[in-house]
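# Observations on the three-dimensional arrangement
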Amino acid sequence: MYEDLREQITNAAKENKGIVLRQVVPQEILPVWQEFLNCLNASARDDDPDFYNPDFVKAGKKLIGLIHFWGEFNLVTSKTKGFFSNMEKYKELVTAVYDGELTDITMVMSVTDWDPSSTRHNDDADVMNLQCLGQTKWQVCQNYDGPCEEFILDPGDIIYVPKRLWHEVTAIGPRANMIFGYEANKLVDNS
């Protein structure tokens with residue numbers, strides 16, 4: 001199973017496009033709301049410089065402790081260790097389908113669909129986004145102004161977005177995700 005998924009990601013990377021892998025993480029081991037809330041609670045009181053991201057502050061994002069606000073109701077933190085009982089299993093499953101060096105894990109939680117989760121942007125790293133709770137709509141585009149392909153993620157799904165590929169994320173109601181950031185896929189030169 002994982003070899004097939006790995007091949008799908010490799011092909012998507014070669015074609016520089018996003019792809020959704022359905023139900024990679026079993027429902028019974030996905031995190032629950034309380035794990036996300038505990039992570040946010042601890043992050044609000046933390047000022048660990050290893051997890052401080054000055055780029056968010058430069059971009060005008062609100063910061064409380066280690067929680068970055070993407071909009072009014074989208075909370076983001078990179079300090080996730082110790083809050084999710086199955087984190088090692090998530091890393092194992094994501095790594096089974098992606099051949100690259102894991103650089104960070106970021107937790108994202110949206111409490112409403114009133115506020116867009118992110119504006120159209122691209123990242124400097126390949127992204128594997130695990131949908132944990134709720135649903136999320138992703139629009140993935142070859143260029144900023146171009147047409148987009150739309151994906152709806154359900155719990156257990158993973159979307160792969162190659163670095164520098166434009167994308168926009170919208171919560172469909174309350175949702176929680178984990179973003180696994182990687183150096184570029186070892187199997188494909190997408191620099």
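First, a word on scope: everything that follows refers to the structure included in this document. Note that this is a predicted model, so its numbers are computed, not measured.

### Quick notes on the overall build of the chain
In terms of helices and strands, the chain carries four helices and nine strands. Going from the N terminus to the C terminus, the chain shows its helices and strands as α-β-α-α-β-β-β-α-β-β-β-β-β. Within the span of the chain, comprising 191 residues, buried residues form 48% of the whole. For the chain, the share of sequence-separated contacts (at least 6 apart) that also reach a separation of at least 24 residues comes to 78%.

### So, the pattern of salt bridges
All chains considered together, the criterion is met by five salt bridges. With its nearest N and O atoms 3.1 Å apart, the salt bridge here joins E88 to K91. A residue pair is termed a helical-turn pair when its members lie 3 or 4 positions apart in one helix, as E88 and K91 do in helix 4 (residues 87-97) at three residues. Residue E88 is classed as exposed on the basis of its relative accessible area, which comes to 56%.

### A closer look at the nonpolar core
By size, the foremost hydrophobic cluster in this structure holds 34 residues, and its most contacted members are F36, Y90, M128, L130, M178 and F180. Secondary structure elements with two or more residues in this core: helix 1 (2-14), strand 1 (19-21), helix 2 (33-44), helix 4, strand 5 (102-110), strand 6 (126-141), strand 8 (158-161) and strand 9 (166-182). Sequence-distant contacts of Y90, that is, excluding residues within four places in its chain, are made with V25, I29, L30, P31, F84, L130, M178 and F180. One finds V20, W138, V140 and L165 within the second-largest nonpolar core, a separate group that totals nine residues.

### Some remarks on unusual backbone geometry
For Q23, which is not glycine, the phi torsion reads 50° and is therefore positive. For Q23, the location among the structural elements is in the loop between strand 1 and helix 2. Of note, R164 is a non-glycine position whose phi angle comes to about 65°, a positive value. Inspection of the secondary structure puts R164 in the loop between strand 8 and strand 9. Taking the relative accessible area as the measure of exposure, R164 reaches 36% and is therefore partly exposed.

### Focus: the environment of V127
Counting through the fold element by element, V127 comes out in strand 6. Sequence-wise, V127 and I158 are 31 residues apart; in three dimensions their C-alpha atoms are separated by 9.7 Å. Once residues within four sequence positions are removed from consideration, V127 is found in contact with I159, Y160, V161, I179 and F180.

### Remarks on the pairing of strand 8
The alternating pattern of strand 8 places I158 and Y160 on one face and I159 and V161 on the opposite face, and all of these are buried. Here three bridges tie strand 1 to strand 8, and the two strands are oriented antiparallel to one another. Paired with L21 across the bridge in strand 8 is I158. Bridging between strand 6 and strand 8 involves four bridges; their strand directions are antiparallel. Across the sheet, residue N129 finds its bridge partner in strand 8, namely I159.

### Quick word on the state of the cysteines
In the structure shown here, the tally under the stated rule is one disulfide. Across a sulfur-sulfur distance of 1.9 Å, C141 and C148 are joined as a disulfide pair. On the sign convention where negative is left-handed, the bridge of C141 and C148, at about 80° about the S-S bond, is right-handed. Exposure remark for C148: the relative accessible area of 31% places this residue in the partly exposed category.

### Examining the packing of aromatic side chains
For the structure shown, the criterion picks out four aromatic pairs. Both rings, one in Y144 and one in W166, keep their centres 5.1 Å apart while their planes meet at 80°; by these two values the pair is edge-to-face. Highlighted residues: Y144 in the loop between strand 6 and strand 7 (148-153) and W166 in strand 9, separated in sequence by 22 residues. Of the residues examined, Y144 reaches a relative accessible area of 44% and is grouped as partly exposed. Owing to a relative accessible area of 23%, W166 belongs among the partly exposed residues under this scheme. Within the aromatic cluster, the residues linked to one another by ring pairs are Y98, Y160 and Y182.

Conventions adopted
- Residues numbered from 1 in each chain as written.
- Predicted model: local features only at pLDDT ≥ 70, side-chain atom pairs only at ≥ 80, totals over all residues.
- Heavy atoms only, no water.
- Helix = DSSP H or I, 4+ residues; strand = E, 2+ residues; numbered from the N terminus.
- Buried < 20%, exposed > 50% of the residue type's maximum accessible area, 1.4 Å probe, protein only.
- Contact = heavy atoms within 4.5 Å.
- Salt bridge = Lys/Arg side-chain N within 4 Å of Asp/Glu carboxyl O.
- Core = buried A, V, L, I, M, F, W, Y, C linked by side-chain atoms within 4.5 Å.
- Pairing = 2+ DSSP bridges.
- Disulfide = S-S within 2.5 Å.
- Phe/Tyr/Trp six-rings, centres within 6.5 Å; stacked < 30°, edge-to-face > 60°.

By themselves, these are just geometric observations and shouldn't be taken as functional.
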